[in-house]
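Inside the fold
Okay, here's what each chain looks like letter by letter:
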Amino acid sequence: MIILGINDGHQASAALMVDGVLVAAAAEERFTRHKNEHGYPRHAIAACLKLAGIEPGDVDHVAIATRELPPSYFMIRRDSDFSITDFWREQTDYWYPTLYEGRTLSYAEVFKDKYRPENFVYDRSLIRDDRDVAGMQAARKKYVRDAFGLSESQVSFRDHHACHAYYGLLAVPEDDREFLVMTADGFGDRANASIWKGRRDQPLQEILHTDQCHIGRMYRYATLLLGMKPAEHEYKVMGLAPYASPEFSQNAYQVYAETLQVEGLDFVYKVRPKDNFFHFRDRLAGQRFDAIAYGIQRRTEELICDWIGNAVRATGLRDVIFSGGVAQNIKANKRVWELDLVNDIFVPPGAHDESLSIGAAYMAHLLDGDCTQPGKFANAYLGTSYDTDTVSRFLKHEIRDGRFGVRQASLLDVAKLLADGCVIGWMNGRMEFGARALGSRSIITNAKDPDAIRKINMQIKMRDFWMPFAPSMLAERAQDYIVNPKGIDGRYMTMAFETTAQAHAEIPAALHPYDRTVRPNIVTAADNPTYHQLIREFEKLTGVGAVLNTSFNLHGEPVVESPADALSTFERSGMEHLYMSGWLVSKKVAA
Ligand SMILES: [Fe+2]
């Protein structure tokens, strides 16, 4: 059975499942080059079908993630189109008059400058007005039915949080444990958290569905308060938090601590704020930026630990799967696995809304498909790839003027450049799923070089000065660098760990510069053999079994998808070399 999963909300994406095997998945932003792309993911769908050699007419079922999305959500694409100023304006010009002055405003009117009806693909005749969710659902369904020639029953909608939960269940390494599956995010289908239990390849049993878990929203507006982009830059707040002095950050922490609480398996308020922005802005006035970051981060860690801890106690299940946007908080995840009562926690790659398409597809397979076929998620390398011949043809065509050196290169050649401290754009194999680069679309360099951070920041990434980089490390060497007594899955950069003295000595540039924790991409030969071999070659030369790894993109752009994207990024940055499927492009002739 061929099932296509679609997320047509923000972080739009598509996923293709054939007889239970996830054969392809990709985010729409990679193809449109518009970060967090929103709406019907036509390019991602086309890419997934092409990867699997499947025609649209072969698709048996389309599962659409998230039942309820209002038309205004598609017309004003807040999470992909808004600037930080727009998000601020949303608070001052819409929410403040609405919540504090009792005025009735039209969101579409306030943001008429952001109205983009030209990209609205659905049949408007089915939609009554900007708030007509039922009409919008009918239009979404009709569009998909027409596109794939499907009957009424061959297109389904899947609950937002169920999609998060089932994605986690599919991606967890295969075994027969019974898992506690938990989800938390900003909001989707009238909920912001859920708790389930079950085994892989069996329908989950729902324990709780709640709209009272406001962690994601509190964090989102703390991010805005600090002048960063909500639903995108939360990781920067998390990265900033360790720099604060706990002693001088108590007041900021208390502002967050006196509101949301965990009670049993759900959440309650001690002091219920009127909103998640002005309430905190007013009470945090005069608090320093790093103290605010500390306050929201510490409170988030406490709430998540309390909540998951209570669920473990209530169910007796100590193996946790955590999915949804809040599960991207790697420091909170670290606190969870450090709890004595937790045996294991798994967070899948791309746990934010980009993976809803995968969850939707797996739900359709497991609940309505042929359940005798077990679900299969081999690893995160689910996207497009470009082989040596394709790259060769591309380079011959694009670099006719000899402005760069182009030659075939071995992994040893690349390893030597890394050992010399060069910064290399690395594109090889199938594109990884999710926002984190896992060695298919990465910028890599020698993590031993303390100057590497400054070099990458100045020449390429222009990242915020406090943000850490991360390593890709050989699985065989992970125990030399990270403290992981419970054997937590650290392949996907979804977990944080304390580090060893050897890590401090050998890969200092890939650790958090202040607290020396690390968010690793642990590389196995099975998952990514070429990348694994590259790090092996580097290890032979240097003794270090890890490299600094950061996503292959410029600031504010999606990660590169194609050779054209990679070359464009290479040209517009200070990167010295670009490796693509066996070919090396150099700004200076490589030694
Ligand atoms: Fe979500």
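Conventions used here
Residues numbered from 1 in each chain as written. Predicted model: local features only at pLDDT ≥ 70, side-chain atom pairs only at ≥ 80, totals over all residues. Helix = DSSP H or I, 4+ residues; strand = E, 2+ residues; numbered from the N terminus. Buried ≥ 20, exposed ≤ 12 C-beta atoms within 10 Å, placed from the backbone. Domains from an automatic or database assignment. Nonpolar A, V, L, I, M, F, W, Y, C, P; charged D, E, K, R; others polar. Core = buried A, V, L, I, M, F, W, Y, C linked by C-beta atoms within 7 Å. Pairing = 2+ DSSP bridges. Axes fitted to C-alpha atoms, helices over the stretch in contact; angles between N-to-C directions. Contact = placed C-beta atoms within 7 Å. Parallel < 35°, antiparallel > 145°, perpendicular 65-115°, else oblique.

1. Here we look at unusual backbone geometry
Of note, the phi angle at glutamine 11 is positive, near 55°, even though the residue is not glycine. Relative to the elements of secondary structure, glutamine 11 occurs in the loop between strand E1 (2-7) and strand E2 (13-18). For glutamine 11, a count of 26 C-beta atoms within 10 Å corresponds to the buried category. A positive phi is found at arginine 516, a non-glycine position, where the angle reads about 60°. Along the polypeptide, arginine 516 turns up in the loop between helix H20 (501-506) and strand E19 (521-523).

2. With respect to the domain arrangement of the protein chain
Each assigned domain of the protein chain is listed here: domain 1 (2-77 + 116-164 + 357-368), domain 2 (174-347) and domain 3 (388-586). A straight line from the C-alpha centre of domain 1 to that of domain 3 covers 32 Å. When contributions to the side of domain 1 that touches domain 3 are tallied by element, the ones reaching two or more residues are strand E3 (21-27) and helix H1 (29-32). Considering each element in turn, the side of domain 1 that touches domain 3 owes the most residues, three residues, to H1. In the side of domain 1 that touches domain 3, the residues fall into three nonpolar, no polar and four charged.

3. Considerations on the nonpolar core
If you look at the biggest cluster of nonpolar residues, it comprises 168 residues, and the most contacted ones within it are Ala26, Tyr166 and Val320. It is helix H13 (residues 289-315) that provides the largest number of residues to this core, a total of eleven residues. One finds Phe74, Met75, Phe111 and Ala139 within the second-largest nonpolar core, a separate group that totals eleven residues.

4. Brief notes about the sheet that holds strand E8 (residues 205-210)
On the basis of which strands lie adjacent, the open sheet formed by five strands has the order E8-E7-E6-E11-E12 and mixed pairing. This sheet does not close on itself; its edge strands, each paired only once, are E8 and strand E12 (344-346). Averaged over all pairs of adjacent strands, the angle between strand axes in this sheet comes to 20°, irrespective of strand direction. Here helix H8 (residues 160-171) sits on the sheet and contacts strand E6 (178-188), strand E7 (191-199), E8 and strand E11 (319-323); the angle it forms with E6, its principal contact strand, is near 140°.

5. Quick word on the packing of helix H9 (residues 215-225) against H13
Viewed as axis vectors pointing N to C, H9 and H13 meet at an angle of 170°, and their least axial separation amounts to 10 Å. By the angle between their directions, the pair H9 and H13 is classed as roughly antiparallel. Residues Ile215, Met218, Tyr219, Ala222 and Leu225 of H9 touch H13, and the partners they reach there are Ile292, Ile296, Thr300, Leu303 and Ile304. The residue inventory of the contact of H9 with H13, partitioned by class, reads nine nonpolar, one polar and no charged.

6. Description of the sheet that holds E2
Pairing within the open sheet is mixed, and its five strands lie in the order E3-E2-E1-E4-E5. Whereas interior strands pair on both sides, the edge strands pair on one side only; in this sheet they are E3 and strand E5 (155-158). Adjacent strand axes in the sheet meet at a mean angle of 20°, parallel and antiparallel pairs treated alike. Here E1 runs beside strand E4 (residues 61-65); their pairing, made up of four bridges, is parallel. Bridging across to E4, isoleucine 3 finds its partner in histidine 61.

7. Quick notes on helix H22 (residues 563-571)
For H22, every residue scored as buried is listed here: Pro563, Asp565, Ala566, Leu567, Thr569 and Phe570. Those residues of H22 that are buried lie in contact with helix H16 (388-398), strand E14 (424-427), strand E21 (577-580) and strand E22 (583-586).

8. Quick word on the environment of threonine 98
Looking at where threonine 98 falls in the secondary structure, it is placed in helix H5 (residues 84-100). Threonine 98 has contacts with Arg103 and Leu105, leaving out every residue within four places of it along the chain.

9. Focus on the pairing of strand E10 (residues 266-269)
Both strand E9 (residues 260-263) and E10 contribute to a ladder of four bridges, which runs antiparallel. For valine 262, the partnering residue across the bridge sits in E10 and is phenylalanine 267. Between E9 and E10, which pair antiparallel one after the other, the connecting turn spans two residues, and glycine 264 there sits at a positive phi close to 65°.

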